[in-house]
Amino acid sequence: MRFEEILDNVGGFSKFQFLVLLILCLPRAILPLHFLLHNFISVTPSHRCSLQSTQENEKDSWDSEVLSLRIPRQDDGSFSSCRIYSPLPAFNISQGNQSVPCPQGWVYDQSQFLSTTATEWDLVCDNKHLNQALATYFFLGVTFGAILFGQLSDKFGRKSMILVSFIASTILGATSAFSTSYTMFAISRAVCGAALSGMSIIGVVLGIEWTDIKHRTFAGTVMSLSWSFGNMFLALLAYYIRDWRHLTLVVTAPCITAIIPWWWLPESARWLLANGRVEEAKKYLIQCAKVNGKNEYISKLDSEVLVKVTVSEVAEKNHSYLDLVKTPKLRKITLVSGFFWFAVAFLYYGISFKISGFGVNIYLTQFIYGAIEVPAKVFAFFVLDWIGRRNGQAWFLIITGSLVGINTFIALEFSVLRTCIAVVAKGFSEAAFTTAFLYSAELYPTVLRQCGIGYTSCICRIGSSLAPLIMLLDDVWHLLPPLIFAGTGIISGSLVFLLPETLSVHLPENIVDVEEGRYGTDTTAKKQMRESHSNMSHKLNLSICILEVLYCFNAITP
């Protein structure tokens, strides 16, 4: 007997599973508060060289007549942010007014932000790459954390390691807020990223492992929606909190709150059985059966039956990451899935970090970016059963890349049009992200599914790490970053067509299934899925999604 059969008997998707999903939605909503925090704490406000005046009111003056005497103008007529006329008479007499880099530091416009990391440590002009690199350091930490917590959760369990993630994220988030130097902040943010990564991957795995096969897509979509609401909530917090230290502390506080419902969170029964801890697994399965009203099955949960499941689960663990590239078809899946996962994260964060330059308030842009994810995820949930996983993944990426490319050549004066296209591109990038989780899980065989997801997660974080650095290339040519993003989306989407379709087929159990082409259509399963899923489940699931949306919207509305 397989674990899925036992899970179906105790209630594969009922009250117990909804309780687990509800608990896991909180840490999922916390993630965007940190993952997209860079948009607000590292903003570079308008700035100019200090005039070296002894009078405070003159030092802080932005009067154009005063500035024109000391600050050179750029080609577009605006005042330079990084240079000042040399005060030395020798330059003025013999060579005319010569500009030099700011010798006495900078003065910053505080009309929008009281302080940011850029103003705290003067990360502007020649040092602006250090400010942008903070996002890269954070996502490198997330990459390392995906590997670390993936191994630790397999060894010590899901529940215990997600608690470690909560506590570490709280401590390191607070440390970041009280950092006294750039180096201290960069290190604490990177390590905090590693801790948050545990919250990310463990939460998803634990939720999926307690959900039956038929409802895993829906469970993943519900958990993913909480990310979108966290995304919108970040815009509201940033609007009211303009100091980077205070904002960092506020977005860290929910990590403490997440510890409270952790006590009601069950350990993964699948993991317990895979590690031979039969009695503990039995306890949680009985608890699941009672909550779901399956009391008649409790007596059938004897240790002898569970031991057989244990043997089956342990047998599936004797594989490593090297098995992903040892055989030709699986190697192709590994390479192409790695590339489209890189593109998914690269495009998503490339768009997410670009919240200025549209002529719209950055807080409103951030909120709209979060809001568009909700219909995008619901759209992806329904459309994937119509056009298939492969076509969905491919076209979501191609359309996202194309929209980024189109927006590149639209004049800045058309701010509304540029914003609309950017928002639609953001929606398709989120649809690509949602599809990637489902498609990858179905591509890899059961014996290597955890390794495959771990591998794609690391590649994904590399893409998110590189996205902010690519933006620095606008100094070379202002069209270069968007063209790179657009090309990546179109090329990666085209490569997805090389992969097999996984809609309504038997999922592979082992490597042989993949190599022998087990992707034949399961007609019976497809028919049952169409009838049942369309007539009942979709209506129920959509209703629940709407209730979730209304509840969370009320919760974040001031």
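Residues numbered from 1 in each chain as written. Predicted model: local features only at pLDDT ≥ 70, side-chain atom pairs only at ≥ 80, totals over all residues. Heavy atoms only, no water.

1. Comments concerning the overall build of the protein
And step 1. A tally of regular secondary structure across the protein gives 23 helices and four strands.
And step 2. Long-range pairs, those at least 24 residues apart, make up 78% of the contacts in the protein with a sequence separation of at least 6.
And step 3. Only carbon and sulfur atoms are counted for the fraction: they give 64% of the accessible area of the protein, which is about 24500 Å². (Helix = DSSP H or I, 4+ residues; strand = E, 2+ residues; numbered from the N terminus. Contact = heavy atoms within 4.5 Å. Areas by Shrake-Rupley, 256 points an atom, 1.4 Å probe, with all protein chains shown as cover.)

2. Considering helix α19 (residues 415-443)
And step 1. With 29 residues, α19 extends 41 Å from end C-alpha to end C-alpha; this agrees with the ideal 42 Å at 1.5 Å per step.
And step 2. The sharpest bend along α19 reaches about 25° and sits at A436.
And step 3. α19 sits mainly inside the fold: 22 of its 29 residues count as buried. (Expected span 1.5 Å × (residues − 1). Bend = angle between axes of the 7 residues up to and from the residue. Buried < 20%, exposed > 50% of the residue type's maximum accessible area, 1.4 Å probe, protein only.)

3. A word on the packing of aromatic side chains
And step 1. Here the structure, examined in full by the defined rule, presents 29 aromatic pairs.
And step 2. With a centroid separation of 5.8 Å and an interplanar angle of 80°, the aromatic rings of F13 and F218 are classed as edge-to-face. With F13 in the loop between α1 (3-11) and α2 (15-35) and F218 in helix α11 (residues 216-240), this residue pair connects regions lying 205 residues apart in the sequence. Accessibility assignment for this pair places F13 and F218 in one class, buried.
And step 3. Taken together, the ring pairs connect F35, F138, F139, W227, W341, Y348, Y349 and F433 into an aromatic cluster.
And step 4. The side chain of R73 reaches across the aromatic face of F79, ending 4.1 Å from its centre.
And step 5. Across the ring face of W262, the terminal group of K159 is positioned such that the distance to the ring centre comes to 4.9 Å. (Phe/Tyr/Trp six-rings, centres within 6.5 Å; stacked < 30°, edge-to-face > 60°. Lys NZ or Arg CZ within 6 Å of the ring centre and 35° of its normal.)

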